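So the chains spell out like this:
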Amino acid sequence: MNNKILFSIFILTIFTILINCNSKNKSNQWQSLFNGKNLEGWVPKINHHELGDNYANTFRLKEGKILVCYDDYEEFGERFGHLYYREPFASYHLKFEYKFTDQWMEGAPWYAYRNSGIMFHSQDPKTILKDQDWPIAIEFQFLAEEKEGESRPTANVCTPGTEIFYNGELYPEHCLGSSANSYQLDRWIKGELIVHSDSLITHIINGDTVLQYSKPQIGGGVVNNYDPAVKIDGKPLKSGYIALQSEGQGIMFKNIKIKELE
């Protein structure tokens, strides 16, 4: 083998190593999903409305934060909404902060009181039908204290059109409670979500691990008026979209960032 060939192999090897290193560095970097200036990169899907219709300015910007607000609503009308980030993710570490406001939309269902969340591993918002009430997704559920002194932990998991495994067994209920504390309405809470594709999922609140489960898959009920071609029961959820929820309770979000995992 002559020197020219050896040199070419050497250069190609170095180039390959640099590409791999660059790829790994990108996967280890935090990426902000919200720029604090506008809702660029996000699209709303609200029940009874087409994708992209931000009915009554439900999702809006306020002082560098995303605000879910019902000031311009005349009635709730089952307008369960979700603000979707533009691209899907598979394995990642998500960080965010949220705080409930004192706004409650009369006419929203009772269970939505001081209740909101972040959807993940969701179906593509383009596949959500106009009158589909909930997306097929996993929910990192937020709750705030309803009555002083009564326990109401946050960071639970709920499963609209999906199922999870807990302690190695298929969990039969729609929601699974966490070991988190209860928090008052007007307090900023730091949340983290660590997702390993269709394997282990971890919920963290203010630095403490409060819930772990695994093997998310399509299945179960709760979701109505969906496209049957999308709801393939038993299909593992390896990736999906992230969305901020609006279901009748006012809430604010800030410092939303993500780091993709290898």
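To be clear, the structure that these remarks concern was listed above.
Below: a short report on this structure. Position numbers for residues count from 1 along each chain, tracking the sequence in the order it is written. Per-residue local features of the predicted model are confined to residues with pLDDT of at least 70, and side-chain atom pairs are confined, for both listing and counting, to 80 or more; whole-chain, interface and lining totals are unaffected and use all residues. Calculated side-chain values reflect all of the structure's heavy atoms, with hydrogen atoms and water omitted.

Glancing now at the overall build of the protein. A helix here means a DSSP run of H or I that spans at least four residues, while a strand means a run of E at least two residues long, and both kinds are numbered starting from the N terminus. Helix and strand counts for the protein stand at 1 helix and 17 strands. Classification of residues uses two cut-offs on accessible area relative to the type maximum, computed with a 1.4 Å probe and protein chains only: under 20% is buried, over 50% is exposed, and between them is partly exposed. Going through the 262 residues of the protein one by one, you find that 48% of them count as buried. Two residues qualify as a contact provided that any one of their heavy atoms is within 4.5 Å of a heavy atom in the partner residue. Considering only contacts within the protein whose residues lie at least 6 apart along the sequence, 71% involve residues at least 24 apart. Of the roughly 13200 Å² that the protein leaves accessible, carbon and sulfur atoms contribute 48%. Note on areas: these come from Shrake-Rupley sampling with a 1.4 Å probe, and a residue is covered only by the protein chains present in the view.

Our next topic: the pairing of strand S10 (residues 162–166). Two faces make up the sheet, and in a regular strand the side chains alternate between them. Whether two strands pair comes down to DSSP finding at least two bridges between them. In this sheet, strand S15 (residues 208–218) lies alongside S10 in antiparallel orientation, the contact comprising 3 bridges. The partner of Glu163 across the bridge, within S15, is Gln217. With 2 bridges joining them, S10 and strand S11 (residues 169–170) adopt antiparallel strand pairing. Across the sheet, residue Tyr166 finds its bridge partner in S11, namely Glu169. Between S10 and S11, which pair antiparallel in sequence order, lie 2 residues; one of them, Asn167, sits at a positive phi of approximately 55 degrees.

Attention shifts here to the state of the cysteines. Only a pair of cysteine sulfur atoms within 2.5 Å counts as a disulfide in this structure description. Within this structure, the stated rule accounts for 1 disulfide. Bridging Cys158 to Cys175, the disulfide has an S-S length of 2.0 Å. When the S-S torsion is 110 degrees, as for the bridge of Cys158 with Cys175, the disulfide is right-handed. Of this pair, Cys158 sits in strand S9 (residues 156–158) while Cys175 is found in strand S12 (residues 175–176), placing the two residues 17 residues apart along the sequence. On the accessibility criterion, Cys175 (31% relative accessible area) is partly exposed.

With that out of the way, let us pick up the pattern of salt bridges. We define a salt bridge as a contact between a side-chain nitrogen of Lys or Arg and a carboxyl oxygen of Asp or Glu at a distance within 4 Å. In this structure the tally under the stated criterion is 5 salt bridges. One salt bridge connects Glu146 with Arg152, and the closest N-O pair in it is separated by 3.5 Å. The partly exposed category is assigned to Glu146, whose relative accessible area is 42%.

Right, let's get into the packing of aromatic side chains. Each pair of aromatic rings taken from Phe, Tyr and Trp, with Trp reduced to its six-membered ring, is defined by centres within 6.5 Å and is described as stacked if the planes are under 30 degrees apart, edge-to-face if over 60, and tilted in the remaining cases. One pass over the full model with this rule turns up 17 aromatic pairs. Ring centres 5.0 Å apart and planes at 90 degrees place the aromatic pair Tyr55 and Tyr73 in the edge-to-face group. With Tyr55 in the loop between strand S2 (42–46) and strand S3 (59–62) and Tyr73 in the loop between strand S4 (65–68) and strand S5 (81–85), this residue pair connects regions lying 18 residues apart in the sequence. Clustering of aromatic rings is evident, with ring pairs tying together Tyr55, Tyr70, Tyr73, Phe76, Phe80 and Trp134.

Considering the arrangement of structural elements, one finds Glu139 in strand S8 (residues 138–143). The contact partners of Glu139, leaving out residues within four places of it in the chain, are Asn115, Ser116, Gly117, Ile118, Met119, Phe120, Asn156, Val157, Cys158 and Gln245.

Moving on, we get to the sheet that holds S9. In space, the 7 strands of this open sheet follow the order S2-S5-S16-S7-S8-S9-S12, with antiparallel pairing throughout. Each edge of the open sheet is held by one strand with a lone partner, namely S2 and S12. Strand direction decides the pairing type here: S8 and S9, joined by 3 bridges, are antiparallel. When the bridges of S9 are listed, Gln141 appears paired with Asn156.

Right, let's get into the nonpolar core. Formed by 59 residues in total, the largest nonpolar core has its most connected members in Tyr92, Leu94, Phe120, Phe142, Phe253 and Ile256. Ranked by the residues each element gives to this core, the list is headed by strand S6 (residues 91–104), at 5 residues. Dropping the residues within four chain positions of it, Ile256 is found in contact with Gln31, Ser32, Leu33, Phe34, Trp42, Ile66, Leu94, Lys95, Phe96 and Leu244. Residues belong to one nonpolar core when they are buried, are Ala, Val, Leu, Ile, Met, Phe, Trp, Tyr or Cys, and are joined through side-chain atoms within 4.5 Å.

Another aspect to go through is the environment of Gly207. The topology assignment puts Gly207 in the loop between strand S14 (200–205) and S15. On the basis of relative accessible area, Gly207 is assigned to the exposed category, the value being 55%. Placed 16 residues apart in sequence, Gly207 and Gly191 show a C-alpha to C-alpha distance of 7.9 Å.

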